[in-house]
Amino acid sequence: MARRLPLSKLHISKTLQWARNHMSYGDKWMAVLFSDEKKWNLDGPDGNIKYWHDLRKEPKSFFSRQSGGGSVLVWAAFSFKGQVGLVFLNGQQNSPKYTETLENHVMPFVENIGGRNWYYQHDDAPIHTSNDTKNYLK
């Protein structure tokens, strides 16, 4: 089975419209700080593993350690003017922990790239869109 994102026509349309709306952003892109986090599981993905296999061959077997293999969650940010170093986050993340990450890692970085004259770009993860996070960013 080919791996690809399950993008709907609406999602594709909205993404293209966003890109068209921001094509003329010009030098403003130099003041945008992008961030994201990524979780790596040491024993494979969370949840059930499903895959297509050739019925004429033996299926692959998956295993994990008895207590689970653990995981690591990494956060990073970058802009035209540089990047924030990788941050290894502990435990389940929530709004207070996210605002702590912003306070400890984003704020020192942006003070060096222009104080309040920048834009912060992150995705729509619940901890990014919570009222606590929105209030902190204001």
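Look above for the structure.
Residues numbered from 1 in each chain as written. Predicted model: local features only at pLDDT ≥ 70, side-chain atom pairs only at ≥ 80, totals over all residues. Heavy atoms only, no water.

## Notes on the overall build of the protein chain
Inference 1: Secondary structure assignment for the protein chain yields four helices and four strands.
Inference 2: Order of helices (α) and strands (β) in the protein chain, N terminus to C terminus: α-β-β-β-α-β-α-α.
Inference 3: Within the protein chain, counting contacts between residues at least 6 apart in sequence, those at least 24 apart form 65% of the total.
Inference 4: Accessible surface computed for the protein chain: about 11300 Å², of which carbon and sulfur atoms make up 54%. (Helix = DSSP H or I, 4+ residues; strand = E, 2+ residues; numbered from the N terminus. Contact = heavy atoms within 4.5 Å. Areas by Shrake-Rupley, 256 points an atom, 1.4 Å probe, with all protein chains shown as cover.)

## Some words on the side chain of S79
Inference 1: Residue placement: S79 occurs in strand β2 (residues 71-79).
Inference 2: With a relative accessible area of 11%, S79 lands in the buried category.
Inference 3: Polar side-chain contacts of S79 include one of 3.0 Å to the backbone nitrogen of K81. (Buried < 20%, exposed > 50% of the residue type's maximum accessible area, 1.4 Å probe, protein only. Polar contact = N/O pair within 3.5 Å; in protein donor to acceptor, adjacent residues only side chain to side chain.)

## Observations regarding the packing of aromatic side chains
Given two aromatic rings, their pairing is described by the distance between the two centres and the angle made by the two planes.
Inference 1: Under the criterion given, the structure shown has six aromatic pairs.
Inference 2: Consider the rings of Y25 and Y119, whose centres lie 6.3 Å apart with planes at 50 degrees: the pair is tilted. In this pair, Y25 is assigned in the loop between α1 (9-22) and β1 (32-41) and Y119 in strand β4 (residues 119-121), connecting sequence segments 94 residues apart.
Inference 3: In this structure Y119 comes out as partly exposed when scored by relative accessible area, which is 42%.
Inference 4: Taken together, W18, Y25, W29, F34, F78 and Y119 form an aromatic cluster joined through their ring pairs.
Inference 5: Here the basic side chain of K38 rests over the ring of W40, its NZ or CZ set 5.9 Å away from the ring centre. (Phe/Tyr/Trp six-rings, centres within 6.5 Å; stacked < 30°, edge-to-face > 60°. Lys NZ or Arg CZ within 6 Å of the ring centre and 35° of its normal.)

## Some points on the sheet that holds β4
Where strands meet in a sheet, backbone hydrogen bonds hold them as pairs that are either parallel or antiparallel.
Inference 1: Spatially, four strands are ordered β3-β2-β1-β4 in an open sheet, and the strand pairing comes out mixed. The open sheet is flanked by β3 (82-89) and β4, the only strands paired with a single partner. Going across the sheet, the axis of each strand differs from the next one's by a mean of 20 degrees, ignoring polarity.
Inference 2: Relative to β4, β1 runs parallel, the two sharing three bridges. (Pairing = 2+ DSSP bridges. Axes fitted to C-alpha atoms, helices over the stretch in contact; angles between N-to-C directions.)

## Re helix α2 (residues 95-113)
Inference 1: Taking 1.5 Å per residue, 19 residues should reach 27 Å; α2 reaches 25 Å between its end C-alpha atoms and fits that length.
Inference 2: Along its length, α2 shows its largest kink, about 40 degrees, at V106, and proline P108 lies within four residues downstream of that point.
Inference 3: When α2 is considered as a whole, its buried residues turn out to be S95, Y98, T99, T101, L102, V106, F109, V110 and I113.
Inference 4: Its buried side turned inward, α2 meets β1, β2, β3, β4, α3 (126-129) and α4 (131-137).
Inference 5: The distance from a side-chain oxygen at the start of α2 to the backbone nitrogen of K97 is 2.9 Å, and the residue carrying that oxygen is N94. (Expected span 1.5 Å × (residues − 1). Bend = angle between axes of the 7 residues up to and from the residue.)

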